[in-house]
Amino acid sequence: MSTLPRPLLTLLEARAGLEMAEMLACLPWLSQAPKGDGHPVLLLPGFGASDGSLEPLRAFLKSRHYHVETWGLGRNVGFNRKFAQVIEQKVRHLHHRHRRKVSLVGWSLGGVFAFYIAHVAPECVRTAISLGSPLRLDPDAQPPPGVKAMYRAVAHPMGPVSHQARSRSRSMRAPPPVPSTCIYSDFDGFVPPSQATLDGDPSNHENIRVASSHMGLGFNRRVLWIVADRLAQPEDSWRPYAG
């Protein structure tokens, strides 16, 4: 676990640019990552971000032979029921169109959407993966300084409470009833490990630690490999990550 103070970790988020450069340099290595079976994968962006932020992850997973889509709702401005319902319908549509369950990968707040959908439509979801997502925010406690800073940066009218909307649900404090993975970092300057991980049955849920900034989780080379490995598992034969 990192011993650096959280405000310093937040300042060090600028190292995400180095992670992007490292990912580009490691493309030959990433070309050896596990390939999938073509099932649909839906990517969900983090708070304040839109589909463009997911392009490195989308391109990588497409090269791994998946049918990859992004949410198509513009900028993620916080959890709300309207967006959640639209995403749920999109997942149900993908499931119906492809006749296959859909895997969900959400970065930061996108992971809250992913786990929520896995709770409400488990019959349509193959696996849910979160990348540094604030899954365990207590609605009655102060949010981490990094989360408050993100909301100040975009002047969100609801403030951090929009991150915490679904945390009031008891079910959202546990993993969904489908195989799930929480990828987190001790060096995350926005969401601490205690909020980005969940306790669950190890036969169906796992928490995987990586060395990454929060802003770099969507293109960190090790994260990309782990996501590819998790998605490549045969359906109904989920096993914890062994890398």
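Things to note about the packing of aromatic side chains
Argument step 1. Enumeration according to the criterion identifies six aromatic pairs in this entry.
Argument step 2. Between the aromatic rings of W71 and F113, the centroid separation amounts to 5.7 Å while the plane-to-plane angle is 65°, which identifies the pairing as edge-to-face. Note that W71 is positioned in the loop between β2 (67-70) and α5 (81-98) and F113 in helix α6 (residues 109-120), a separation of 42 residues in sequence. For the pair W71 and F113, one class covers both residues: buried.

Examining the nonpolar core
Argument step 1. Among the nonpolar cores identified, the biggest contains 29 residues, and L43, L61, V105, L131, I183 and V227 are the most heavily contacted of them.
Argument step 2. Elements with a contribution of two residues or more to this core: α2 (16-25), β1 (40-44), α4 (55-63), β3 (102-107), β4 (125-131), β6 (205-210) and α10 (221-231).
Argument step 3. The element contributing the most residues to this core is α10, with seven residues.
Argument step 4. The residues contacting L43, other than those within four sequence positions of it, are L54, L57, R58, L61, V68, E69, T70, W71 and V105.
Argument step 5. The next biggest cluster of nonpolar side chains, apart from the first, holds 28 residues, and it includes F47, A84, V102 and A114.

Re α10
Argument step 1. Across the 11 residues of α10, eight count as buried, placing the element largely inside the fold.
Argument step 2. Measuring from the backbone nitrogen of R222 back to the side-chain oxygen at the start of α10 gives 2.9 Å, which picks out N220 as the cap.

Examining the pattern of salt bridges
Argument step 1. Under the counting rule described, the total for this entry stands at 13 salt bridges.
Argument step 2. Among the ionic contacts, a cluster of salt bridges with common partners joins D37, R100, R126 and E235.

Some remarks on unusual backbone geometry
Argument step 1. One non-glycine residue, R99, lies in the positive phi region at around 60°.
Argument step 2. Within the secondary structure, R99 sits in the loop between α5 and β3.

Observations regarding the packing of α5 against α6
Argument step 1. At a closest axis distance of 10 Å, the pairing of α5 and α6 adopts a crossing angle of 60°. The two elements α5 and α6 meet at a crossing, and its hand is right-handed. Between α5 and α6, the contacting residues are F83, A84, I87, E88, V91 and R92 on the first element and F113, Y116, I117 and V120 on the second.
Argument step 2. Looking at the contact of α5 with α6 residue by residue, the classes come out as eight nonpolar, no polar and two charged.

Notes on the packing of α4 against α10
Argument step 1. The interhelical angle for the contact between α4 and α10, taken along N-to-C directions, is 45°, at an axis separation of 11 Å. It follows that α4 is oblique to α10 by the angle criterion. Considering how the two elements wind past one another, α4 and α10 form a crossing that is right-handed. Here L57, F60 and L61 of α4 lie close against α10, whose contacting residues are L224, V227, A228 and L231.

Remarks on the pairing of β3
Argument step 1. Burial analysis of β3 places six of its six residues in the buried class, the great majority of the element.
Argument step 2. Of the two faces of β3, the one holding V102, L104 and G106 and the one holding S103, V105 and W107 are both buried throughout.
Argument step 3. In the sheet, β1 pairs with β3 via four bridges, with the strands oriented parallel. In the strand pairing of β3, V41 is matched with S103.
Argument step 4. Summarising the sheet, β3 and β4 pair through six bridges and their orientation is parallel. Residue pairing for β4: G106 is matched across the bridge by S130.

Section: α2
Argument step 1. Those residues of α2 that sit buried are A16, E19 and M23. End-on, the buried residues of α2 take up no more than an arc of 50°, which puts them together on one face. For α2, the exposed residues set more than 90 degrees away from the buried face come down to L18 and A25.
Argument step 2. Residues of α2 that are buried in the fold lie against α3 (27-30), α4 and α10.

Reading the values: the criteria
- Residues numbered from 1 in each chain as written.
- Predicted model: local features only at pLDDT ≥ 70, side-chain atom pairs only at ≥ 80, totals over all residues.
- Heavy atoms only, no water.
- Phe/Tyr/Trp six-rings, centres within 6.5 Å; stacked < 30°, edge-to-face > 60°.
- Helix = DSSP H or I, 4+ residues; strand = E, 2+ residues; numbered from the N terminus.
- Buried < 20%, exposed > 50% of the residue type's maximum accessible area, 1.4 Å probe, protein only.
- Core = buried A, V, L, I, M, F, W, Y, C linked by side-chain atoms within 4.5 Å.
- Contact = heavy atoms within 4.5 Å.
- Polar contact = N/O pair within 3.5 Å; in protein donor to acceptor, adjacent residues only side chain to side chain.
- Salt bridge = Lys/Arg side-chain N within 4 Å of Asp/Glu carboxyl O.
- Axes fitted to C-alpha atoms, helices over the stretch in contact; angles between N-to-C directions.
- Left-handed = near helix turned anticlockwise from the far one by under 90°.
- Nonpolar A, V, L, I, M, F, W, Y, C, P; charged D, E, K, R; others polar.
- Parallel < 35°, antiparallel > 145°, perpendicular 65-115°, else oblique.
- Pairing = 2+ DSSP bridges.
- Arc of directions from axis to C-beta.

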